[in-house]
Amino acid sequence: MKRGHRLRHKPRHILHSSLQRSSEDSAYRSVCPLCKVGLLMVGRNQETLALVRLDRCTYCAQHFFYDDETIGDEPVEALPPDYEKTVEAQIKALSPQLVKDLGN
Ligand SMILES: [Zn+2]
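These notes cover the structure that comes with them. (Residues numbered from 1 in each chain as written. Predicted model: local features only at pLDDT ≥ 70, side-chain atom pairs only at ≥ 80, totals over all residues.)

**Examining the pairing of strand E5 (residues 63–66)**
Put simply, the rule is: Exposed residues have 12 or fewer other C-beta atoms within 10 Å of their own C-beta, buried residues have 20 or more, and partly exposed residues fall in between, where C-beta atoms are placed from the backbone. By definition, any uninterrupted DSSP run of H or I lasting at least four residues is a helix, any uninterrupted run of E lasting at least two residues is a strand, and each is numbered from the N terminus. Two strands qualify as a pair provided DSSP detects at least 2 bridges between them.
Residues of E5 alternate between two faces, with Phe64 and Tyr66 buried on one and His63 and Phe65 left unburied on the opposite face. The sheet contact formed by strand E1 (residues 12–14) and E5 spans three bridges and is parallel. Each residue of the ladder has a partner; that of His13, found in E5, is Phe65. Relative to E5, strand E4 (residues 54–56) runs antiparallel, the two sharing three bridges. Counted as the bridge partner of Asp55 is Phe64 from E5. Between E4 and E5, which pair antiparallel and follow one another directly, the connecting turn spans six residues, one of which, Ala61, has a positive phi of 75°.

Following this line, the structure appears as structure tokens:
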């Protein structure tokens, strides 16, 4: 199984609360349920610092949407309208070279 092999796969919906945390030190960081190698870090909006729903595995590069209302007792940012479609289009548009580089 290669690094980045799920980069262009359609994003999946998951519950963060159902994931296995990578350590007891973080209420956010989880083990990817697909490759079980990479981590899901949970990102923040750079402007508002709110938790972001979209995440990507550090190894297989699968994108996930968290369906939870809160993560680690913090509210998760609402998705703007059509955000999912936008993300899917962006993922499809990722350059073949980037996919190839990540796959190595
Ligand atoms: Zn993964």
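On we go.
**Re the environment of Arg6**
Note the following rule: Placing a C-beta atom from the backbone of each residue, one calls two residues in contact when those atoms lie within 7 Å.
Position of Arg6 among the secondary structure elements: in the segment before E1. Separated by 56 residues in sequence, Arg6 and Gln62 place their C-alpha atoms 4.8 Å apart. Setting aside its immediate chain neighbours within four residues, Arg6 contacts Leu34, Cys60, Ala61 and Gln62.

**Topic: unusual backbone geometry**
At Ala61, a position not held by glycine, the phi torsion is positive, near 75°. Along the polypeptide, Ala61 turns up in the loop between E4 and E5. At Asp73, a residue that is not glycine, the phi angle is positive and equals roughly 70°. Tracing the chain through its elements places Asp73 in the loop between strand E6 (70–71) and strand E7 (74–75).

**Examining the sheet that holds E4**
Our working rule: Lines fitted to the C-alpha atoms define the axes, with helices restricted to the stretch that makes contact. Angles between their N-to-C directions range from 0 to 180 degrees.
With mixed pairing, the three strands of this open sheet are ordered in space as E1-E5-E4. Strands with a single pairing partner mark the edges of an open sheet, and in this sheet they are E1 and E4. Sheet twist, expressed as the average angle between the axes of neighbouring strands with direction ignored, equals 35°.

**Looking at the environment of Ser22**
Relative to the helices and strands, Ser22 is located in the loop between E1 and strand E2 (30–31). Residues Ser22 and Leu40 lie 18 residues apart in sequence; the distance between their C-alpha atoms is 8.9 Å. Excluding anything up to four places from it in sequence, Ser22 contacts Arg29, Ser30, Val31 and Leu39.

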